[in-house]
Each structure stands twice: as C-alpha cells, then as structure tokens.
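Single-letter residue listing:
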Amino acid sequence: MKICVIGCGRWGSLITWYLDRKGHDVSLYGRAESARMQRFLSTRRNDLLELPESVALTTQLESAREAEVIVISIGSQGLQKLMDQLKSLELRNKIVVLCMKGLEIGTGRRLSQIAEENLDTSNTVAVWLGPGHVQEFYRGIPNCMVIDSRNEQVKEQLVQEFSSDLIRFYYGIDLIGNEVGAAAKNVVGIAAGFLDGLGLSSLKGALMSRGTREVARLIRAMGGSELSAYGLCHLGDYEATVFSRYSHNRQFGESFVKGESYDKLAEGYYTVRAMLLLGERYQVELPICQAVYDMLYQQGEPKKILEDLFTRGLKAEFDY
C-alpha cells in the first residue's frame, strides 16, 4: 500500500519504520520548521531509531494526495488544526488512520469524530490503538494492538495489511469504547505516577481496578460497551502506562508530585479536562479523573487528595 504518515514524533517515526518493514511504500511528513524533521532530513535518525533509505521524507503536506492510506500521529489537541490544513487538499477515497490517543478539550469530541466531521464522506476513518512502546518495538519485542472503524471492510483490510510478527492486530468492535478507553488510560497513568512519586506504588492495584470500573461506566453511558474498558485499549494498556519507565504519562505524574520539570508530551494532562466534561455531560462520577484534575489544575495537596480518593466511604468491592 502507498502510505503517508503525518507526524514525525516518536510514534509517527515508529509507525513509518514499522510499515516500511512490512513492505509498504511509505513516506513521512513533518513540518519544515520542526527540529525533529530537520534531524531526519539530515541524518535519518532520532534518539530512538533510524529510518531506512526506502522511506521518503517530505515537508510538503500535499504529498498526502498521492497516498492510499494516511496515518496521522500527532498531539491530539492539534488534530482540528491539521484537519483545517487538509481541507485545501480536497482528499477523496482515502483511508485515514488515527494512531493517537486523546479527547478534545472544550468539546470532549473523540478523535474519529473530529476527522469524520472535517473530511469528505468518501474517506474512511479508522483508529490504531493499544499498548506498546517505541523502544520495545524497535528492539523486536512484540505486542498486540487494535484497529477499529465503522467500516468493516476497511477494518479487515488494515488488520491484514498491518499485522506482522511484531504487532498482532485485533479487530475492534466498539469505536466509542476503544477511543474513550485509550484516552482515559493516560489519566490513570498520571495517577500512577503520583503514587510512585509519593512512595505509594502499592496502591496501583486499587487504582487499576477502580480506574477500569470508572471508565467502563462512562463508556456505557456514552453508548459503548463497558467491556471495552477491559480490553487492550484500556486495561490491556495498563502495563505499558502504569508501570513502564517509558510511559510519558506515568513519568509526568511522578515528576509533578516531586516538583521536577518534565518536557515530554503527556496526553493525560489534557485528556483529564475532557473526561470531566464528558462525566458531567453523561452524569457519570469520575473520582480518579477529578483527583488528577484537582492536583494538576487546582493546586490541590497531593497526599490529601489521594488519601481522600482511596478512603472515600465504605463500598462493596465492585461498587467503586
């Protein structure tokens, strides 16, 4: 397949490397002013991987017109701006794959909603979600991920074309649940970092069980299947997000409570605001999200907030 990857960050570059490894005809787009893209143009490397000569590098967004499949991997809050830029290309009959996790601040829109609302109806939108870290994939350590779409034929095509010994793809069956679950796990990742930073890592078991129930209730209220919270896009991604030293969200949370600076993108920082918006809209209580928000945005005292979170009334085990 002829594929254009938009986004030259750690995931965009890994996707480019992976799809080239699969034998596809792949180009990587990055903005001309991007330091990451300039480094790729001069050395074909970043801090994590090297792109082979078979990968085309471009700073011309118009190159997306020539692709059958457009894979987008950028910060979630920049998706609407990118969609605005793509409108001038008048894309038709493309498969647009979103390999990114988040919800839009201010609206709570899922990322597939943003894409579908801005693209011609001849295009099909899919999402690529699930656990994994660039460092591990590049070293040949396998994992399982999910592709979901409202178009069954495109979903089947992508699973067949993208699966390999390195990444086994499953067919998603709940676009709402998979997108919300994938976005919410980054908030749980930040909470896990708080626990690590305060020496309370033993509470991660309670965090994971309660977090999954919290997200499941929201997914159900939004019209998805609450079982999706227990799949690869949420609970199945906890190992990579709640425990891994490579997790930006977990490390951000730990650095935050220690008063240390952290300059990597932690999507959960933005997602938590959208989660609370959805909780209010659908009348679902989200105590973990509220605790994370209070610490990040309301200057709440971490130990007090976490103590209140884990001692909030007497409840049955699954009545979180």
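Before going into details, it helps to say that this report is about the structure given with it.

Scoring rules and cut-offs
Residues numbered from 1 in each chain as written. Predicted model: local features only at pLDDT ≥ 70, side-chain atom pairs only at ≥ 80, totals over all residues. Heavy atoms only, no water. Helix = DSSP H or I, 4+ residues; strand = E, 2+ residues; numbered from the N terminus. Expected span 1.5 Å × (residues − 1). Buried < 20%, exposed > 50% of the residue type's maximum accessible area, 1.4 Å probe, protein only. Core = buried A, V, L, I, M, F, W, Y, C linked by side-chain atoms within 4.5 Å. Contact = heavy atoms within 4.5 Å. Pairing = 2+ DSSP bridges. Axes fitted to C-alpha atoms, helices over the stretch in contact; angles between N-to-C directions.

Comments concerning helix H8 (residues 204-221)
With 18 residues, H8 ought to run about 26 Å at 1.5 Å a step, and its terminal C-alpha atoms sit 26 Å apart, in line with that. Most of H8 sits inside the fold, with 13 of its 18 residues counted as buried. Gly223 lies just past H8 and shows a positive phi near 105°.

Considering the nonpolar core
Counting residues in hydrophobic clusters, the biggest one holds 41 residues, and the most contacted among them are Phe194, Leu218, Met275, Val292 and Leu296. For this core, the secondary-structure elements that each account for two or more residues are helix H7 (175-197), H8, helix H9 (238-243), helix H10 (248-258), helix H11 (268-282), helix H12 (287-297) and helix H13 (302-310). A per-element tally of this core places H7 first, with ten residues. Ignoring anything within four residues of it in the chain, the contact list for Val292 reads Val187, Ile190, Ala191, Phe194 and Val272. Formed by 36 residues, the second largest nonpolar core is a distinct cluster that contains Leu19, Val55, Ala126 and Phe137.

Considering unusual backbone geometry
Most peptide bonds adopt trans geometry, and most residues besides glycine take a negative phi value. For Arg44, which is not a glycine, the phi torsion comes out positive at approximately 60°. Among the secondary structure elements, Arg44 is positioned in the loop between helix H2 (35-43) and strand S3 (56-58). Phi is positive for Gln299, which is not a glycine, with a value near 55°.

Some words on the sheet that holds S3
Taken in spatial order, the eight strands make up an open sheet running S3-S2-S1-S4-S5-S6-S7-S8, and their pairing is mixed. This sheet does not close on itself; its edge strands, each paired only once, are S3 and strand S8 (167-171). Pairwise comparison of adjacent strand axes, ignoring direction, gives a mean angle of 25° for this sheet. Pairing between strand S5 (residues 95-98) and strand S6 (residues 124-129): four bridges, direction parallel.

These values are about where atoms sit, not about what they do.
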